[in-house]
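# A closer look at the structure
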Amino acid sequence: MSDCIFCKIADGEIPATVVFEDDELLAFEDVNPRAPVHVLIIPKEHLSTMNDPGPEHETLLGRMMLLASRIAKERGVSEGGYRVLVNCNADGGQEVFHLHMHVIGGRRLGPMA
Ligand code: 5GP
Ligand code: ZN
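Everything numeric here is computed off the predicted structure, so don't read it as measured data.

Conventions we followed
- Residues numbered from 1 in each chain as written.
- Chains lettered and ligands numbered in written order.
- Predicted model: local features only at pLDDT ≥ 70, side-chain atom pairs only at ≥ 80, totals over all residues.
- Heavy atoms only, no water.
- Near = heavy atom within 4 Å.
- Polar contact = N/O pair within 3.5 Å; in protein donor to acceptor, adjacent residues only side chain to side chain.
- Areas by Shrake-Rupley, 256 points an atom, 1.4 Å probe, with all protein chains shown as cover.
- 1 Å grid on protein atoms, 1.4 Å probe; cavity = no way out; pocket = protein on both sides within 12 Å on 5 of 7 lines; lining within 4 Å.
- Sits in = over half its atoms within 2 Å of the grid points.
- Donors = N, O, S within 2.8 Å, 3.2 Å for Na, K, Ca; no water.
- Tetrahedral: all angles 85-135°; square planar, octahedral: opposite > 155°, others 65-115°.
- Patch = residues over 30% accessible without salt bridge, like charges linked within 9 Å, V, L, I, M, F, W, Y side chains within 5 Å.
- Salt bridge = Lys/Arg side-chain N within 4 Å of Asp/Glu carboxyl O.
- Helix = DSSP H or I, 4+ residues; strand = E, 2+ residues; numbered from the N terminus.

A separate point is the site of ligand 1. For ligand 1, the set of nearby residues contains 17 residues, the closest of which are Asp30, Arg34, Glu95, His100 and His102. Taking Glu29, its main chain carries an N or O atom lying 2.9 Å from a nitrogen atom of ligand 1. Contacts to ligand 1 include Gly93, whose backbone N or O atom sits 3.0 Å from an oxygen atom. For ligand 1, the protein covers 87% of the area, taking 520 Å² as the surface of the free molecule. In this structure the site holding ligand 1 corresponds to the largest pocket.

Here you go:
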């Protein structure tokens, strides 16, 4: 999508600190990290929100979860603990309307708000 900031990151038009990339997925550092580890995982395909994936995206979503687990291990937070979350639409606090998964850790996050 032409005016989507995360599509532009996936296309290399906007720089990001990439931590993983393959043909379907991209993971990069959040520009405004809320914790010592704060990585975003996106599908390269533009899906706006968590409402958009269909059955054809089952493998893609599973791969995003497995990548979150892998990144947590690589960053050394898997044993201490971390949080994986997807914000959806206004009540979920979504700000960027290209589906993304946050991987947040490296400090005591406390209970969910
Ligand atoms: P949301 O609230 O939509 O779930 O989270 C969007 C996230 O994207 C925020 O944590 C924000 O810091 C991050 N973000 C917004 N714009 C950019 C950007 O241009 N580059 C990077 N790396 N992260 C961004
Ligand atoms: Zn997009």
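Next up on the list: the coordination of the zinc ion (ligand 2). The textbook angles at a metal center are 109.5 degrees for a tetrahedron of four donors and 90 or 180 degrees for an octahedron of six. Bound to the zinc ion (ligand 2) are the protein donor atoms Cys4 (SG), Cys7 (SG), His46 (ND1) and His98 (ND1), situated 2.0 to 2.3 Å from the metal. Taken together, the 4 donor atoms coordinating the zinc ion (ligand 2) span angles of 106 to 117 degrees at the metal, a pattern that classifies the geometry as tetrahedral.

Our focus in this paragraph is a nonpolar patch on the surface. Among the surface-exposed residues, Met65, Tyr82 and Val84 lie close enough to one another that they form a single nonpolar patch of about 240 Å² accessible area. Counting through the fold element by element, Val84 comes out in strand 4 (residues 82–85).

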